[in-house]
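Tertiary structure, described
This is what each chain is made of:
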Amino acid sequence: MTGHGVERLFNYWTYGGFLAGIMMLVLTPLFASDWSPAFTAVFLLLPVYMLHQYEEHDGDRFRTYVNRMVGHGAEVLTPAAVFAINIGAVWALDVVVIYLAWRVDLGLGLIAVYLMLVNALVHIAGAIRSRAYNPGLVTALVLFLPFGGYAWWRIETSGAATPADHMIGLAVGIAAHVLIVAYALRRRSLLRGH
């Protein structure tokens, strides 16, 4: 892929993700016909997250918002960073979690659950703090809370979740968000120093 092709991928990934998310949701009844309700709930978190990412990143809204609010106009989030964060810390992580929940321990599906619920709480806290909309807030409220809560309940009532699974899931969910904020603050510091 040429440099120009990579740049297009960095700028437009969210549109492919949105369409892939819809396709995954439409195909879920076919895929999930033999799955347990708890595992199906874990699987659904990825396409639901892809729909959220469309609200969040369409028109470069989230990056612009973070650069304005955290960077005070400085580019603390680049298109490449947004791509890496969302593809690596959401898509790839959720795919790994789906496989872990399928093959190792259904309770590890709580990693994807807490990733979603922590993200929803970050959006809600940001809106309360600023008393304004932030990109992703609507789907955090109408998709993340119900789907994340449902997946949490399904895993919990399946008997697969241990206290360690909850601790691991919550730790990963918090760590992912802390790392993003730390990255943005570090970039802001570096940009101010130059």
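Summarised in this report is the structure supplied together with it. Sequence order as written defines the numbering, with residues in each chain counted from 1. Selection of residues for local features in this predicted model requires a pLDDT of at least 70, selection of side-chain atom pairs for listing and counting requires 80 or more, and totals for whole chains, interfaces and linings are taken over all residues. Side-chain numbers come from the whole structure's heavy atoms, not from hydrogens or water.

Remarks on the overall build of the protein
Counting from the N terminus, the helices are the DSSP runs of H or I reaching at least four residues and the strands are the DSSP runs of E reaching at least two. Scanning the protein from terminus to terminus reveals seven helices and zero strands. Secondary structure of the protein in N-to-C order comes out as α-α-α-α-α-α-α. For the protein, the C-alpha atoms occupy an extent of roughly 55 × 35 × 30 Å along the three principal directions. In the protein, which comprises 194 residues, the share counted as buried stands at 43%. Here a residue-residue contact requires only that any non-hydrogen atoms of the pair lie within 4.5 Å. Across the protein, the fraction of contacts at a sequence separation of at least 24, relative to all contacts at a separation of at least 6, is 76%. To be clear on the numbers: accessible area is Shrake-Rupley with a 1.4 Å probe, and residue cover counts the displayed protein chains and nothing else. Just so you have it, the protein exposes about 10100 Å², and 70% of that area is on carbon and sulfur atoms. When the 12 basic and 11 acidic side-chain charges of the protein are each reduced to a single mean position, those positions are 12 Å apart. Relative accessibility thresholds used throughout: buried, under 20% of the residue-type maximum; exposed, over 50%; partly exposed, between the two (1.4 Å probe, protein chains only). Charged residues are defined here as Lys and Arg on the positive side and Asp and Glu on the negative side; His and the ends of the chain fall outside this count. By convention, the charge on Lys lies at NZ, on Arg at CZ, on Asp at CG and on Glu at CD.

What to know about the nonpolar core
Buried residues of nine kinds, namely Ala, Val, Leu, Ile, Met, Phe, Trp, Tyr and Cys, make up a nonpolar core once their side-chain atoms join them within 4.5 Å. Membership of the largest hydrophobic core comes to 46 residues, with the highest contact counts inside it found for Leu106, Val113, Phe144 and Ile155. Contributions of two or more residues to this core are made by helix H1 (3-31), helix H2 (37-57), helix H3 (61-69), helix H4 (79-103), helix H5 (110-130), helix H6 (137-158) and helix H7 (163-193). The element that contributes the greatest number of residues to this core is H2, accounting for eleven residues. For leucine 106, the contacting residues outside a window of four places in its chain are Ala38, Phe39, Val42, Ala101, Ile155, Ser158 and Ala160.

A closer look at H4
Given 3.6 residues per turn, any residue in an α-helix points the same way as the ones three and four places further on. Expected helix span is given by 1.5 Å per residue-to-residue step, counting one fewer step than there are residues. End to end, H4 covers 34 Å across 25 residues, agreeing with the expected 36 Å (1.5 Å per residue, within 8%). To get the bend at a residue, fit one axis to the 7 residues ending there and another to the 7 starting there, then take the angle between the axes. Maximal helix bending in H4 amounts to about 25°, located at leucine 93. All buried positions along H4 are accounted for by Ala81, Val82, Phe83, Ile85, Asn86, Val90, Trp91, Asp94, Val97, Ile98 and Ala101.

Focus: H2
For H2, with 21 residues, the first-to-last C-alpha span of 30 Å sits near the 30 Å given by 1.5 Å per residue. Taken as a whole, H2 carries its principal kink of about 25° at leucine 45; the proline proline 47 stands between one and four residues after it. Of all 21 residues that make up H2, 19 are buried, and the element is covered over most of its length. Just downstream of H2 lies glycine 59, where phi reads positive at about 65°.

Quick look at the packing of aromatic side chains
Two rings belonging to Phe, Tyr or Trp (six-membered ring only in the last case) form a pair when the distance between their centres is within 6.5 Å. Interplanar angles under 30 degrees mark stacking, angles over 60 mark edge-to-face geometry, and anything in between is tilted. Counted under the stated rule, the structure contains eleven aromatic pairs. Both rings, one in tryptophan 35 and one in phenylalanine 43, keep their centres 5.0 Å apart while their planes meet at 65°; by these two values the pair is edge-to-face. Under the relative-accessibility criterion, tryptophan 35 is labelled partly exposed at 28%. Taking relative accessible area as the criterion, phenylalanine 43 reaches 10% and is therefore assigned buried.

Considerations on the side chain of histidine 123
Relative to the assigned elements, histidine 123 resides in helix H5. In this structure the side chain of histidine 123 is engaged in a polar contact, spanning 3.4 Å, whose partner is the side chain of histidine 52. Any N or O atom pair separated by 3.5 Å or less is treated as a polar contact, with the protein-specific requirement of one donor-capable and one acceptor-capable atom, and with residues adjacent in sequence counted only for side-chain atom pairs. In terms of polar contacts, histidine 123 uses its side chain to reach the side chain of glutamate 56, at 2.9 Å. The residues touching histidine 123, leaving out its near neighbours within four places in the chain, are His52, Glu56, Asn134, Pro135, Gly136, Leu137 and Ala140.

Some thoughts on a nonpolar patch on the surface
What makes a patch is a set of residues exposed beyond 30% relative accessible area and free of salt bridges, joined within 9 Å when like-charged and within 5 Å when nonpolar (Val, Leu, Ile, Met, Phe, Trp, Tyr). The salt bridge definition used is simple: a Lys or Arg side-chain nitrogen within 4 Å of an Asp or Glu carboxyl oxygen. Taken together, the side chains of Tyr133, Val138, Leu141, Val142 and Leu145 present a nonpolar region at the surface, about 430 Å² in accessible area. Topologically, tyrosine 133 is positioned in the loop between H5 and H6.

Quick word on the pattern of salt bridges
Under the counting rule described, the total for this entry stands at three salt bridges. As a salt-bridge pair, aspartate 58 and arginine 61 come within 3.8 Å of each other at their nearest N and O atoms. Of the charged contacts, one joins glutamate 75 and arginine 63 as a salt bridge, the two residues approaching to 2.7 Å between their closest N and O atoms. With glutamate 75 in the loop between H3 and H4 and arginine 63 in helix H3, the pair connects residues that are twelve residues apart, well separated along the chain. By relative accessible area, which is 35% here, glutamate 75 ends up partly exposed.

Quick notes on the side chain of arginine 188
As for its position among the elements, arginine 188 is in helix H7. Buried charge without a partner: arginine 188 forms no salt bridge, and the closest opposite charge is glutamate 75, 14 Å away.

Coordinates in, geometry out; function isn't part of it.
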